[in-house]
Amino acid sequence: MTKRVLVSGITGQDGGYLAEYLLEQGYEVIGMVRRTSTINFERIQHIQDKICIVQGDLLDQVSLIDILREHRPDEVYNLAAQSFVPTSFKQPVLTGEFTALGVTRMLEAIRIVNPQIRFYQASSSEMFGKVQQVPQTEKTPFYPRSPYGVAKLYGHWITVNYRESYNMFTVSGILFNHESPRRGLEFVTHKVTYHAAKIALGLADKLPLGNLDSQRDWGWAPDYVRAMHLMLQQDHPEDYVIATGRTHSVRRLCEVAFGCVDLDWQRYVYVNPNDLRPADVDLLIGDASKARKVLGWEPSVTFEEMIERMVQADLAALKKAHHL
Ligand code: NDP
Ligand code: GDR
């Protein structure tokens, strides 16, 4: 029997990669999108005719219940969220509604319609925030540093709570930053690779950034969606850290990205106070030993390879757009 999955956040970076991966595995994919006045299916247009798009919103409980009743999925991947950290400082209440309470709405819908559905929650290394231990594992205490991190922590614990309270198969994947050419342009990796490409083509001459010292454990997004799927195929629901175990500063990111187009980043990058956050996460580095051991999961792309791929993709897209 073909398994059916519901993916919320299918129009986002991870949603597109996860849908592709699940289609390859023979799943029937239902993608939940919220209503917008203009369609934003850029990341899924190549597979759009293979997935069933349904309208629903994490803010609307009844829409979630209706989708589950009508489509009867075996697995739900809850990727939808307000996921940009700076926006969470500007819109903390809305971020809480989507990113925190949205998880409870989806869990309630599952509990009411069919508690046998397996549930994946997109948790985040942002929950570690001001890190209490280096590297971070599933057992490291949390200390979030943004309304986004706080909201994700709520989402994490409510996922654990439904598992313990109702014996549901609910899993929280604590994923460290993961990137790709499909990453939103406001996130730092893509902002840097895009500007390096633009500057190399003579289309820009400066790159404003915020905290150059912050360090992240950056991985390759397609590797990370594989891990999400593996977590739901286990005999027991458990939480997993997914990370590369290597960390790099924003400074190093600039060096690598501009190096791909033979430029010296220091000539173009400047610190813009508007890109600094009220509170930041200085250092993240994950220990994915449990995932390696239990899921057999390994990252397949290095940081340098990933940045090279992103720069090349940006160069190609810019050349096409500007007829260069
Ligand atoms: P994106 O920001 O690219 O995508 C977010 C998705 O959520 C979009 O499809 C968006 O739809 C959708 N969405 C937002 N609000 C709602 C809502 N109210 N109802 C329905 N859908 C909504 O995120 P990523 O793909 O990068 O990340 C996926 C998930 O993983 C997120 O929850 C993120 O917080 C989490 N995460 C991401 C990490 C990363 O490094 N990428 C690391 C750890 C966790 P629309 O297109 O309409 O805006
Ligand atoms: P993050 O990713 O906040 O870790 O959240 P982001 O790429 O936005 O920032 C990473 C680090 O880079 C510093 N930085 C800048 N960031 C942005 N966006 N723009 C800049 O100009 C800039 N300059 C320096 C930041 O201060 C920060 O320290 C991402 C999101 O995908 C979350 O949804 C996810 O949960 C976490 O990764 C894991």
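If you're wondering where the values come from, they're calculated on a predicted model, not measured in any experiment. (Residues numbered from 1 in each chain as written. Chains lettered and ligands numbered in written order. Predicted model: local features only at pLDDT ≥ 70, side-chain atom pairs only at ≥ 80, totals over all residues. Heavy atoms only, no water.)

## Quick notes on the pairing of strand 2 (residues 28–33)
Successive side chains on a regular strand alternate, one facing one side of the sheet and the next facing the other. Of all six residues in strand 2, five are buried; the element is thus mostly enclosed. Relative to strand 2, strand 1 (residues 4–8) runs parallel, the two being bridged by five bridges. Along strand 2, the bridge assignment pairs Leu 6 with Ile 30. Bridging between strand 2 and strand 3 (residues 52–55) involves four bridges; their strand directions are parallel. The residue bridging Gly 31 from the neighbouring strand is Ile 53, located in strand 3. (Buried < 20%, exposed > 50% of the residue type's maximum accessible area, 1.4 Å probe, protein only. Helix = DSSP H or I, 4+ residues; strand = E, 2+ residues; numbered from the N terminus. Pairing = 2+ DSSP bridges.)

## Re the domain arrangement of the chain
How big an interface is tends to be stated in terms of accessible area lost as the parts join. Looking at the assigned domains, one finds that the chain contains domain 1 (4–178 + 220–242) and domain 2 (184–217 + 246–282 + 302–321). Of note, the centres of domain 1 and domain 2, computed from C-alpha atoms alone, are 27 Å apart. Across the boundary between the two partners, domain 1 contributes 13 residues, which contact twelve residues of domain 2. Summing the contributions of domain 1 and of domain 2, the shared interface buries around 1,300 Å²; its carbon and sulfur component is 60%. Considering only the side of domain 1, the residues that lose the most area to domain 2 are Phe 84, Arg 145 and Trp 220, jointly responsible for 42% of the buried surface there. In this assembly, domain 1 and domain 2 are joined by one salt bridge. Close ionic contact of Glu 126 with Arg 216 constitutes a salt bridge, the shortest N to O distance being 3.6 Å. Here domain 1 and domain 2 share one residue pair in polar contact (both at pLDDT 80 or more) between them. Top element by residues in the side of domain 1 that touches domain 2 is helix 3 (residues 85–90). It accounts for three residues. Its residues assigned to classes, the side of domain 1 that touches domain 2 comprises seven nonpolar, three polar and three charged. (Domains from an automatic or database assignment. Contact = heavy atoms within 4.5 Å. Buried area = accessible area lost by both parts, 1.4 Å probe. Salt bridge = Lys/Arg side-chain N within 4 Å of Asp/Glu carboxyl O. Polar contact = N/O pair within 3.5 Å; in protein donor to acceptor, adjacent residues only side chain to side chain. Nonpolar A, V, L, I, M, F, W, Y, C, P; charged D, E, K, R; others polar.)

## What about the side chain of His 71?
Position of His 71 among the secondary structure elements: in helix 2 (residues 61–71). By relative accessible area, His 71 is classed as buried at 14%. Residue contacts for His 71: discarding those within four places in its chain leaves Arg 4, Ile 30, Cys 52 and Val 54.

## Details of the site of ligand 1
As a matter of local geometry, ligand 1 sits amid 25 residues, with Thr 11, Arg 34, Asn 40, Ser 83 and Tyr 148 nearest to it. The contact in question runs from an oxygen atom of ligand 1 to an N or O atom on the backbone of Ala 81, over 3.2 Å. A total of 910 Å² of accessible area belongs to ligand 1 in isolation, and the protein chains cover 90% of it. When residues of the shell around ligand 1 are traced back to their parent elements, those giving at least two are helix 1 (13–24), strand 5 (118–124) and helix 5 (147–166). Of the residues forming the shell around ligand 1, the biggest block, three residues, is contributed by strand 5. Per-class residue counts for the shell around ligand 1 are ten nonpolar, ten polar and five charged. (Near = heavy atom within 4 Å. Areas by Shrake-Rupley, 256 points an atom, 1.4 Å probe, with all protein chains shown as cover.)

## What to know about the sheet that holds strand 2
Read from one edge of the open sheet, seven strands run 3-2-1-4-5-6-11, paired in parallel fashion. Looking at which strands have only one partner, the edges of the open sheet turn out to be strand 3 and strand 11 (240–242). Going across the sheet, the axis of each strand differs from the next one's by a mean of 25 degrees, ignoring polarity. (Axes fitted to C-alpha atoms, helices over the stretch in contact; angles between N-to-C directions.)

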